[in-house]
Amino acid sequence: MIKMPRLLLILLIITLISIWFIFDLGHFLTLDYIKNQQASIEVWKSENPLLAVASFAAIYITVAALSIPGAAILTLTGGAIFGLLWGTVIVSFASSIGATLAFLVARLLLKDWVQQRFGDKLKTINEGIEKDGAFYLFTLRLVPLFPFFVINLLMGLTPIRASTFYWVSQTGMLAATLVYVNAGTQLAQIESLQGILSPELLISFILLGLFPLIAQKTLAKIKQNKIYSKWQKPSTFDSNLLVIGGGSAGLVTAYIGAAVKAKVILIEKNKMGGDCLNTGCVPSKALIRSAKLLSHIQRANEFGIKKASAEFDFAEVMERVQRVIKTVEPHDSVDRYTKLGVDVIQGEARITSPWTVEVKTNGSVKTLTSRNIVIATGARPFVPPVTGIEEVGYLTSDNVWDLREQPKRLLVLGGGPIGCELTQSFARLGSKVTQVEMLPRIMIREDEEVSEMVTTRFRNEGIDLRTQHKAKRFLIENGDKILICEDLANDCKEVRIIFDQVLVAVGRAANLQGYGLEELDIPVSNTIETNDYLQTSYPNIYAAGDVTGPYQFTHTAAHQAWYVAVNALFSPFKKFRVDYSVIPWATFVEPEVARVGLNEIEAQQRGITYEVSKYNIDDLDRAIADEEAHGMVKVLTVTGKDKILGVTIVGEHAGDLIAEYVMAMKHNIGLNKILSTIHIYPTMAEANKYVAGNWKRAHAPEKILQWVERFHAIRRRTTNKEVALKASVSAAKIKQ
Ligand SMILES: Cc1cc2nc3c(=O)[nH]c(=O)nc-3n(C[C@H](O)[C@H](O)[C@H](O)COP(=O)(O)OP(=O)(O)OC[C@H]3O[C@@H](n4cnc5c(N)ncnc54)[C@H](O)[C@@H]3O)c2cc1C
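None of these values were measured; they are calculated from a predicted model.

**Looking at the sheet that holds strand β9 (residues 432-436)**
(1) Moving on: Taking strand neighbours across the sheet as the criterion, the four strands line up as β10-β9-β8-β14 in an open arrangement whose pairing is parallel. Every interior strand has two partners, whereas the edge strands, β10 (464-466) and β14 (501-504), have only one. Taken pair by pair, the neighbouring strands of this sheet meet at an average axis angle of 20 degrees, ignoring direction.
(2) Moving on: Sheet analysis places strand β8 (residues 409-413) next to β9, joined by five bridges and oriented parallel. Note on β9: the bridge partner recorded for arginine 409 is lysine 432.

**What about the sheet that holds strand β13 (residues 493-499)?**
(1) Moving on: Taken together, three strands build an open sheet; the order of strands is β11-β12-β13 and the sheet is antiparallel. Of all strands in the sheet, those bounded by a partner on one side alone are β11 (469-477) and β13. Taking the axes of each pair of neighbouring strands and ignoring which way they run, one obtains an average angle of 25 degrees across the sheet.
(2) Moving on: By the bridge criterion, eight bridges tie β11 to strand β12 (residues 480-487) in an arrangement that is antiparallel. Counterpart to leucine 475 in the pairing with β12 is isoleucine 482.

**Describing the site of the ligand**
(1) Moving on: Surveying the vicinity of the ligand reveals 37 residues, the closest of which are Glu268, Asp275, Lys285, Asp546 and Thr554.
(2) Moving on: Within the backbone of phenylalanine 553, one N or O atom sits 3.3 Å away from an oxygen atom of the ligand.
(3) Moving on: Within the backbone of threonine 554, one N or O atom sits 2.8 Å away from an oxygen atom of the ligand.
(4) Moving on: Out of a free accessible area of 1000 Å², the ligand has 93% covered by protein chains.

**Thoughts on the pattern of salt bridges**
(1) Moving on: The full count for this structure, using the stated rule, is 29 salt bridges.
(2) Moving on: A salt bridge links lysine 634 to glutamate 600; the nearest nitrogen and oxygen atoms lie 2.8 Å apart. Of this pair, lysine 634 sits in strand β20 (residues 632-638) while glutamate 600 sits in helix α18 (residues 600-605), and the two are 34 residues apart along the sequence.
(3) Moving on: Here the salt bridges share partners, and the residues they tie into one network are Asp447, Glu449, Glu600, Lys614 and Lys634.

**Digging into the nonpolar core**
(1) Moving on: By size, the foremost hydrophobic cluster in this structure holds 35 residues, and its most contacted members are Leu287 and Phe426.
(2) Moving on: Of all elements in the fold, only α10 (281-298), α11 (314-328), β8, α14 (417-429) and α15 (448-460) reach the threshold of two or more residues within this core.
(3) Moving on: When sequence neighbours within four positions are dropped, the list of residues in contact with phenylalanine 426 reads Leu287, Phe314, Val400, Leu403, Gln406, Pro407, Leu410, Ser431 and Val433.
(4) Moving on: Formed by 29 residues, the second largest nonpolar core is a distinct cluster that contains Ala71, Leu76, Ala183 and Ile190.

**What about the packing of aromatic side chains?**
(1) Moving on: Under the defined criterion, the tally for this structure stands at 15 aromatic pairs.
(2) Moving on: Ring geometry for phenylalanine 103 and phenylalanine 165: centres 4.2 Å apart, planes at 20 degrees, overall stacked. Taken together, the residues span a long stretch of sequence, with phenylalanine 103 in helix α4 (residues 71-142) and phenylalanine 165 in helix α6 (residues 162-184) at a distance of 62 residues. Residues phenylalanine 103 and phenylalanine 165 agree in their burial class; the two are buried.
(3) Moving on: Seen from their ring centres, phenylalanine 553 and tryptophan 585 are 5.8 Å apart, and the 10 degrees between their planes marks the pair as stacked. Here phenylalanine 553, found in the loop between β16 (541-543) and α17 (554-570), pairs with tryptophan 585, found in strand β17 (residues 584-587); they are 32 residues apart in sequence, far enough to count as distant.
(4) Moving on: For tryptophan 585, a relative accessible area of 9% puts it in the buried group.
(5) Moving on: Here the aromatic cluster, defined as three or more aromatic residues joined through ring pairs, consists of Tyr551, Phe553, Tyr580 and Trp585.

**Focus: the environment of arginine 457**
(1) Moving on: With respect to the element layout, arginine 457 can be found in helix α15.
(2) Moving on: Among the residues examined, arginine 457 registers a relative accessible area of 17% and is labelled buried.
(3) Moving on: As a C-alpha pair, arginine 457 and tryptophan 231 span 226 residues in sequence and 58 Å in three-dimensional space.
(4) Moving on: Sequence-distant contacts of arginine 457, that is, excluding residues within four places in its chain, are made with Arg299, Gln424, Arg428, Glu590, Pro591 and His630.
(5) Moving on: Only 3.4 Å separates the side chain of arginine 457 from the side chain of glutamate 590, close enough to count as a polar contact.

Calculation notes
Residues numbered from 1 in each chain as written. Predicted model: local features only at pLDDT ≥ 70, side-chain atom pairs only at ≥ 80, totals over all residues. Heavy atoms only, no water. Pairing = 2+ DSSP bridges. Helix = DSSP H or I, 4+ residues; strand = E, 2+ residues; numbered from the N terminus. Axes fitted to C-alpha atoms, helices over the stretch in contact; angles between N-to-C directions. Near = heavy atom within 4 Å. Polar contact = N/O pair within 3.5 Å; in protein donor to acceptor, adjacent residues only side chain to side chain. Areas by Shrake-Rupley, 256 points an atom, 1.4 Å probe, with all protein chains shown as cover. Salt bridge = Lys/Arg side-chain N within 4 Å of Asp/Glu carboxyl O. Core = buried A, V, L, I, M, F, W, Y, C linked by side-chain atoms within 4.5 Å. Buried < 20%, exposed > 50% of the residue type's maximum accessible area, 1.4 Å probe, protein only. Contact = heavy atoms within 4.5 Å. Phe/Tyr/Trp six-rings, centres within 6.5 Å; stacked < 30°, edge-to-face > 60°.

Next comes the structure, spelled out in structure tokens:
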């Protein structure tokens, strides 16, 4: 739908361009015409100097704004009429104003459309323009080989600010304006436009254009040298890659380094496997499994079993969790990595220079040198400074695994993935769980209906879910531990929640202190700041995993690990920008929630128009047979196309089902192809195909189908010839 101001603008532009062509105004902007009229124009100008300036500027601005050819001729004319100084001033302003108007026209009419259609592809360009747009524009403006009007229009489609566009254009075009205006002062001698820029002049402009690029590279090099200048570089190195931290990011980095035959040192101060193995993914999934079994036993009659009960000991469940960790442990062990060729050191690392790391092991300290260092030191649970929290004592995902006595009343602070997974597990194990979340809903990153589905299930399972409750203070009264919250939806009324244990799961903070970042002055915000190649401010020091973000998952840590290993070992010959275009994740609550790409909230935030196709899993044969007929597959596609922007799956095995869509998005496979792929019957995976079927039905070519319907109707009719033939056959039969 075209809005009114846009429509008016389009009409205005069409009218002006039509006038231009109908009245052949272009013939006024030829070299011959200007030369012939030069004397009379000059007379008119000396009689009406102000009017001449205003008319000239108005014509110039109009021509540039409408992107009509003629700017070069007008610049010469400016020189011929107004001389070098005033010609340059007038042309400089008129051309910059005209260029900015053309830029704004392109922006108003096309930018939204271009960004919506190709936003995902343009992401890198947009980010580049936001960061260095002025610089690129300046380079383009310096070299008059790049067409003036093309730059105006293309820049309008990017996110560069109009004011930046104006001033950079004016400054960048000044040199070329001066050359053309100067040439215009000698108009009589000019035979063609091409002649103005001699090869020498062109080369000078190209050099001028290259100058900012060279300057930028040189400055970067100087900056880099400066950052290294105070450090003494070793003449040889003990390793090519020294990795600090043996969690998901560090292990995969070391693995890749060793696989490509580099000398790799891996330092881990605590347990190999880091968070994921010891306190994160593995224990939580093991606990979730035991809790799920209990929930199935409670649902026994849904499966046609009259009665089933379970007798269990909480401590044994927690021991099973440890058993699972022990079973997985060899995958991440010192032994395995040593066999892979990695030199594993159990000790605490501290970076002491861009190439040296001090390691404390069992009381001894040694210094190791490395050409590259990878920081993979992970994150830890963030504990908010709520009054009294230390006095009541708290659990986090670090130590909850040590529990052997089940908390009767468990309070969980936080409605994110970790808080939700542990809330449901403990509730299923029999704790009375109250979950407190400050925001209006749990799992806030997901679409509202997704939170709603999980919330409904939580409440049905007896979880006391308190959203919009802000923890104010903890206290102990008559031996009872109490949390005082503010009910944000109820005039901040104070609410008291009594509990036996509190589990804090309000987010994770990157480990940034105590191992040398401060001494090296490596910039950090909430995480270590890295560039697109995952380099810190020291190009040979990289960071990967939770310590740098932006995602905090094992698979993203492993994904980044590939980039840091390859970039560190093969740069400057080859280096890769980390690609975050298709990042999936799952929250392992029931109903399970998995996502890849955009959901509706994010699409709307980014101004991307989309279509939604949905398939409700309550209709799926396999889900019905399994008593798991709930949830949905929701796919966002580019309007009118089958290109997938993002998928959310809620339901049994959502984390596994999403893999098909991760693959599809990664390799640009659309819904049509998913629809034409055979899915085994009866499986949950059929849901992926059925949603594609729903999309297809919504995009059925109605007009063509109407014609096809007519075609079938015609084919049902008997022709006259067939009627006659039938009649003669029956007549012959009667005669016989
Ligand atoms: C309860 C829970 C459940 C989770 N579930 C999932 C899930 O289902 N799926 C998923 O993808 N992700 C999950 N995660 C997140 C996942 O665990 C992390 O994203 C992942 O472990 C990050 O890996 P990392 O290598 O960056 O950091 P870590 O695994 O934390 O590793 C960092 C390592 O560095 C070591 N270290 C730190 N400083 C030093 C030093 N100075 N010297 C030597 N060693 C040092 C630490 O001891 C640690 O072993 C979960 C997390 C939690 C807490």
